[in-house]
Amino acid sequence: MTNPVSRREFLNLLGAYGGTSAVLQAGAALGFMPSSSQAAEISLRANNGKKVAILGTGISALTTAWELTKAGYDCTLLEASHRPGGRMFTVRAGTVIDEIGNYQRCEWDDDPHLYFNAGAARIPSIHSSVLKYCKELEVELQVFVNESKTAWVQDDALNGGKPVRNTDYSSSMQGFVSEMLAKSLGNSEVDSSLTESESETLLGMLRSFGDLNEDMLYKGSVRAGYRSGGFLDHGTKKDVIALRDLLKTRLASNVMVTTQEGTGSGPLLMQPVGGMDRIIYAFANRLGNRIKFRAPVTEVMVKDDGVEVAYEQNGVTEVLKADYCFNCIPSHLMSGIPNNFPTEYTEALNYIRRGKAYKAAFQAKERFWEKENIYGGITWVNAPIQQIWYPPHNIHGKKGVVLAAYNFGGANYTEMSQEDRIEDLLKHGEKVHPNYRQMAEKPMTIAWHRMNHMLGCAPRWARVRGGWSDKEEQMYETLRQPVNGRHYLIGDQSTQHSAWMESAIQSAHYALADLDQRVRSEPA
Amino acid sequence: MRNLLTATTLILSAFSISAVQAAEGDVGVEAAMDDRYCTTCHGVEGIGNIAVEAPRLAGMESWYLKRQLENFRAGIRGTHEQDTQGIAMRPMATKLSDESIEDIVGWVGSWEYVPAHTTIEGDINQGRSTFQSCAACHGANAEGNETLGAPALAGQNDWYMVTQLKNFRAGFRGAHPEDTYGSQMLIMSKALRDDQAIINVVSYINTLQK
Ligand SMILES: Cc1cc2nc3c(=O)[nH]c(=O)nc-3n(C[C@H](O)[C@H](O)[C@H](O)COP(=O)(O)OP(=O)(O)OC[C@H]3O[C@@H](n4cnc5c(N)ncnc54)[C@H](O)[C@@H]3O)c2cc1C
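## Points about the overall build of chain B
Item 1. Counting secondary structure elements, chain B contains 9 helices and 0 strands.
Item 2. For chain B, the N- to C-terminal ordering of α and β elements is α-α-α-α-α-α-α-α-α.
Item 3. For chain B, the proportion of its 210 residues judged to be buried stands at 49%.
Item 4. Long-range contacts, defined here as pairs at least 24 residues apart, represent 67% of the contacts in chain B between residues at least 6 apart.

Okay, here's the thing in C-alpha cells:
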C-alpha cells in the first residue's frame, strides 16, 4: 500500500472526537430509530356532493380526488396536459414527450417490459403512503435494484479511463479505510475512551468491513472476485488498486454510499411492474371522466363562498364554480395565471425556485449488460450523464431499456439539441460498454426544465445550503394555510421535503384533514 | 405541424389494468402537436411570468415578435453565454418553421394588451430626462415605431426591461454581427451610466403604460 496521504489529518480528526464526544457517549443510540412509519388513516366525513375543483393531476391531486370521491364529494380535475401524472411519467411505445421545442414520440417495441420512468422511478420501503395506495389500488410492485457490485465506475482519471467494477473499487476503498482506522485505534486518544470490549468489537467489525488480514492490513479481498478460478480451481485474488489511484476519482462519494438518507435510496427499493405511471392510471381510471384533459387553468378567483376557476378547452373558456379548490399546479406556473390571492401568498408562490433534472434512455438491442454479469444497479460515470441504470426486471429477456443519463443539476442538457444529447450519452456510455453505440436504439431524452406544463423538477425552497431561513419557514406556513379556507396549495411544493411522491401525497392528506375539520365544524 | 397522435390510448391498450372500476375506460387524450407552447412560460394570454423570467407578450407588436423569434431561431439572439434568459428561450425556437412562427404571431396578436405589474422603483425625474434619447426611436410615450424597428416599451415587465438593458450595455445582447437593430440598441445603451440609471429610466417607462 502506498502511504495514506492524509493520515495525520485523519488522526487529528479522530482525536477531536475525544472522550466527551456525543458519538462515544453511551446510551444515546438506543431507541434512536423512529417506530415504523405508517400511512395516515384518512376518514373524511361523508359528504353530499360538495363541489371540489382540483387543479392538475399530479399524485397529490389524484390522492385528493380519490379520497374526496370516496367520501361523496363531487370532484372535477382540470389538467393542462394530454396525460395525467405530471412528474410521474413513463415512456414506452407510443408515448409523446411534450418537451417544448423538442417534441418526441417513442418508437420502441411494443412490449410491457420496455419502458422508461422519465420522472419518479423508485419507491423506498418507508414511503408508507405511496405503498398504501399501491396496495389499495392493486398496483403490483417489484423490487428495484439500486446497487450492483458488478456495475462499473468510469472516470477518465481512473485506470486510464477504463471502467473498474464497483466491487473492485469499493472493496479496496473499504479495505484501506478500515486499515487506517484500525491503526489509529492502537495509538490515538479514541482508544482511551473505549473499553477493551468496545475496542474489540470495533476492531472485529473493521477486520470484516475491510476484509483485513491478521495484521489488520488490507491485501486484497475475494469480494472483488477472482482473477481466475474460483469454482473448480482455487481462485486467485485480483490485484489491489492502490489508495492513491482510488482517490483519483471523486466518484468515491457516489460509489460508496447507496443509502443517502433514511427516506432516500438504499440497495432495496421498489417499482410498479410496468412503469411508475401504473399508480397514476390506477387512480385516473377510477376517476374516469371527472378528469378534463388539455384543459389549462387560466384564472383562479377565491370568493367568500367558494372558488371560481376559469379554464380553456377546445378554444373555449369555461368557468368551474366549486366550494373548494385543491391546486397542485407548480408555483412557478401559477405566477403566470391571473388570480386574486393575497399579496403575501403570491410572494411566497413566486419565491419557490424550480430545480433542474435530465434523464435519457434507449432501447437496447440486446441485454448486453447481462453478458458482463450485471443484472441491475447503477454504473457511475464522471461525466454529465452521471449514471447508467440497468433494468432489474425481465432478466434474460430479449431487449431492455437502459437509463443512459440522470443528471440532477441538469448540466446544460436543457439547452442542447436532441442530436447533441444523443451523441453525448453515446460518447460517454461507450467508455463503459464498448458496444454501447451499436446496442442503443432510439434514444429518448427529457429535460424537465423544458417540459410543457412543468418547467422544472423538484421545487427548491431554501436559497442557501444548510437549512431554511426564518423567512422561508414563514412563507411556507403562509402557503400551507388555505386562502379564505377555500383554496389549498398541494404537491411536493408545499412540503419541506420535495422531490418525493410520498411528500406530495402527504401534502394532500394534510390539506384534506384541514378541509374535513372545516366541514365538520359547519352547522349541519 | 398538426399531426395528431393518440398517445395515451396506445399506452393503455398495452396493459390490462385489473380492478378498474370506472366504466369510462381509458383516460388521457391525444397530445397537441402544434407549437403553441408560449403560455406555459409566458403566462395566460402572455401576461408574463416573473417566476420563470418570461416577459409579457400580450401587446407585443407582431413585426417585433416575428423578428425576435427569427433571431432566436437563427442564433442571432440567445447565444451569448452570459445571456441567461436568452439561452433559455433559444431552444424553444430552434425548430420553429416559418408557418409556426406565423401561427404564433397571429395567436399572440389575438391577446389583449395588459400592462404589466410594476416591481421596481427608481428616480422617475432622472429617468424622464434619460428617456429623451430613447424617445427618438421608441416614441415619446414609449409606444414604439415600426419604421425604425423600435418596439413599444410601455406596459412591458419592468424586470425584463432592466435585464435587457443590462444585457445590451454589457454586450450580451446585440453583439451578433447580424443583429442590425440590436446593435443600434447596444450603442444607445452605453448612454446609461450604471444600473441605477437603468432602474430610473425603466421606472419612468412604467409611468407611460397605456
Ligand atoms: C427526474 C425526476 C425523478 C424523480 N424521482 C423520484 C423517485 O424516484 N421517487 C419519488 O418518490 N419521487 C421522485 N420524483 C418526485 C415526484 O415525481 C414528485 O414529487 C411528484 O410526482 C410530484 O407530484 P405533485 O402532486 O406535486 O404534482 P406534479 O407532478 O408536479 O403535477 C403538476 C400538474 O399540474 C399540471 N398543470 C400545470 N399547469 C397547469 C394548468 N395551467 N392547468 C392545469 N394543470 C396544470 C401539470 O400538467 C401536472 O399534471 C422525481 C421527479 C423527477 C422530475
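Alright, that's what it looks like, and here's the rest.
## Quick word on the domain arrangement of chain B
Residues and elements named next belong to chain B.
Item 1. Looking at chain B, the domain boundaries give domain 1 (34-109) and domain 2 (124-206).
Item 2. With centres defined by C-alpha atoms, the gap from domain 1 to domain 2 works out at 19 Å.
Item 3. If you look at the interface, domain 1 gives 22 residues, while domain 2 gives 24 residues.
Item 4. Taken together, both faces of the contact between domain 1 and domain 2 bury some 1800 Å²; the carbon and sulfur share is 54%.
Item 5. If you sort the residues of domain 1 by the area they bury against domain 2, Arg56, Trp63 and Ile76 come out on top, with a joint share of 30%.
Item 6. Summed over the shared surface of domain 1 and domain 2, the result is 0 salt bridges.
Item 7. Our count for the domain 1 to domain 2 interface comes out at 10 residue pairs in polar contact (both at pLDDT 80 or more).
Item 8. Broken down by element, the residue count for the side of domain 1 that touches domain 2 peaks at 5 residues, all from helix H3 (residues 62-74).
Item 9. Split by residue class, the side of domain 1 that touches domain 2 holds 8 nonpolar, 8 polar and 6 charged.

## Quick notes on empty space enclosed by the protein
All names here are of chain A.
Item 1. Summed over all chains, the structure comprises 5 cavities of 30 Å³ or more.
Item 2. Considering only enclosed or pocket space, the largest cavity measures out at about 170 Å³ in volume.
Item 3. Around the largest cavity, the lining comprises 13 residues; the ones closest to its centre are Tyr115, Phe144, Trp389, Val401 and Leu403.
Item 4. At the level of elements, strand E6 (116-117) and strand E22 (400-407) are the ones that each hand at least two residues to the lining of the largest cavity.
Item 5. For the lining of the largest cavity, the class distribution of residues is 10 nonpolar, 3 polar and no charged.

## A word on the sheet that holds strand E25 (residues 487-489) of chain A
Residue and element names in this part refer to chain A.
Item 1. Overall, parallel pairing links the 5 strands, which are arranged E13-E2-E1-E17-E25 in an open sheet. A single partner strand is all that each edge strand has here, and the edge strands are strand E13 (291-292) and E25.
Item 2. Pairing between strand E17 (residues 324-327) and E25: 3 bridges, direction parallel. Considered in E25, the bridge of Asn327 is made with Leu489.

## Overview of the confidence of the model for chain A
Item 1. On average, residues of chain A score 91 in pLDDT, and 90% of them are at 70 or above.
Item 2. Per-residue pLDDT stays below 50 along residues 17-33 of chain A; that stretch engages in 8 contacts with residues further than four places along the chain or on separate chains.

Rules of the game
- Residues numbered from 1 in each chain as written.
- Chains lettered and ligands numbered in written order.
- Predicted model: local features only at pLDDT ≥ 70, side-chain atom pairs only at ≥ 80, totals over all residues.
- Heavy atoms only, no water.
- Helix = DSSP H or I, 4+ residues; strand = E, 2+ residues; numbered from the N terminus.
- Buried < 20%, exposed > 50% of the residue type's maximum accessible area, 1.4 Å probe, protein only.
- Contact = heavy atoms within 4.5 Å.
- Domains from an automatic or database assignment.
- Buried area = accessible area lost by both parts, 1.4 Å probe.
- Salt bridge = Lys/Arg side-chain N within 4 Å of Asp/Glu carboxyl O.
- Polar contact = N/O pair within 3.5 Å; in protein donor to acceptor, adjacent residues only side chain to side chain.
- Nonpolar A, V, L, I, M, F, W, Y, C, P; charged D, E, K, R; others polar.
- 1 Å grid on protein atoms, 1.4 Å probe; cavity = no way out; pocket = protein on both sides within 12 Å on 5 of 7 lines; lining within 4 Å.
- Points joined across faces, edges and corners; volume = space filled by probe spheres on them.
- Pairing = 2+ DSSP bridges.
- pLDDT = per-residue confidence, 0-100.

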